[in-house]
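Chain by chain, the residues:
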Amino acid sequence: MKILHDTILKDGLALSDSILKVDSFINHQIDPKLMNLVGKEFVKRFQDKKIDKVLTIEASGIAPAMITALELGVPMVFAKKHKPITMDNFYSTTVYSFTKEKNYNLTVSKEFIKEGENILLIDDFLSAGNAILGLRDIVNQGGANVVGVGIVIEKGFKEGRKNLLKEGFHLESLAIVEKMEKGKITLNKIK
């Protein structure tokens, strides 16, 4: 996706050889035009799937997941990192965040994951794949099916892709960072 690649190269900051800061267009400030194109691209890449719902994790996955769900005409649900006191009946799992370097308990109300639903998982980054595996755990607890995984930016030098493909996921990443060295970001060739 050329516009995403161009934006990463122009506005992304390689803080180290493994940390990519994209606060100016995905994680803190959101570029709505870019997210609109991201959502449409995910719909195109998963057009052969029957999708009943889109699931992500708060907060950075919400923007791309929301636009994808809007384009699909289905609801979007996000796993909460802090269970509110109003949530009594829920699915829960624990995932490790590479960026925050800590574990999170993710929760989704049981009313929003139904048995037999086909669910598309969307996230902003793929590193080790822990977040996606956690979301799959929640989907499995609800008796639903994961039909695909859409990632905005994949860290191709990490083990996430290998881990998810080994688990049988249909994985689509819109941009893959091959390496980051001395502040320079190298991306894969555009699909």
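First, a word on scope: everything that follows refers to the structure included in this document. (Residues numbered from 1 in each chain as written. Predicted model: local features only at pLDDT ≥ 70, side-chain atom pairs only at ≥ 80, totals over all residues. Heavy atoms only, no water.)

**Digging into the sheet that holds strand 4 (residues 76-79)**
Which entries qualify depends on this criterion: Here a strand pair is declared whenever DSSP counts at least two bridges between the two strands. Put simply, DSSP H or I for four residues or longer makes a helix, DSSP E for two residues or longer makes a strand, and each gets a number counted from the N terminus. Each axis is a line fitted through C-alpha atoms, taken for helices only over the stretch in contact, and angles between the N-to-C directions span 0 to 180 degrees. Only heavy atoms matter for contacts: two residues are in contact if any of them lie within 4.5 Å across the pair.
Ordered by their spatial adjacency, 6 strands build an open sheet running 4-3-7-8-9-10, and the pairing between neighbours is mixed. Both outer strands of the open sheet, strand 4 and strand 10 (184-187), are each paired with one neighbouring strand and no more. Pairs of neighbouring strands in the sheet enclose a mean axial angle of 25°, with direction left out of account. Here strand 7 (residues 118-126) runs beside strand 8 (residues 145-155); their pairing, made up of 8 bridges, is parallel. Among the inter-strand pairings, Asp 123 is bridged to a residue of strand 8, identified as Ile 151. Contacting strand 3 (53-57), strand 4, strand 7 and strand 8, helix 5 (residues 130-141) crosses the sheet at an angle of about 160° to strand 7.

**Quick word on the pattern of salt bridges**
Applied cut-off: Whenever Lys or Arg places a side-chain nitrogen within 4 Å of a carboxyl oxygen from Asp or Glu, that contact is recorded as a salt bridge. Whether a residue is buried, partly exposed or exposed follows from its accessible area with a 1.4 Å probe, protein chains only, as a fraction of its type maximum: under 20%, in between, or over 50%, in that order.
Tallying each qualifying case throughout the model produces 10 salt bridges. The closest approach of N and O atoms between Lys 10 and Asp 11, which form a salt bridge, is 3.2 Å. According to the relative accessible area criterion, Lys 10 is exposed, its value standing at 66%. The closest approach of N and O atoms between Glu 41 and Lys 44, which form a salt bridge, is 3.3 Å. Of this pair, Glu 41 and Lys 44 both sit in helix 3 (residues 32-45), 3 residues apart, which is roughly one turn of the helix. On the accessibility criterion, Glu 41 (15% relative accessible area) is buried.

Limitation: the analysis is restricted to geometry and does not speak to function.
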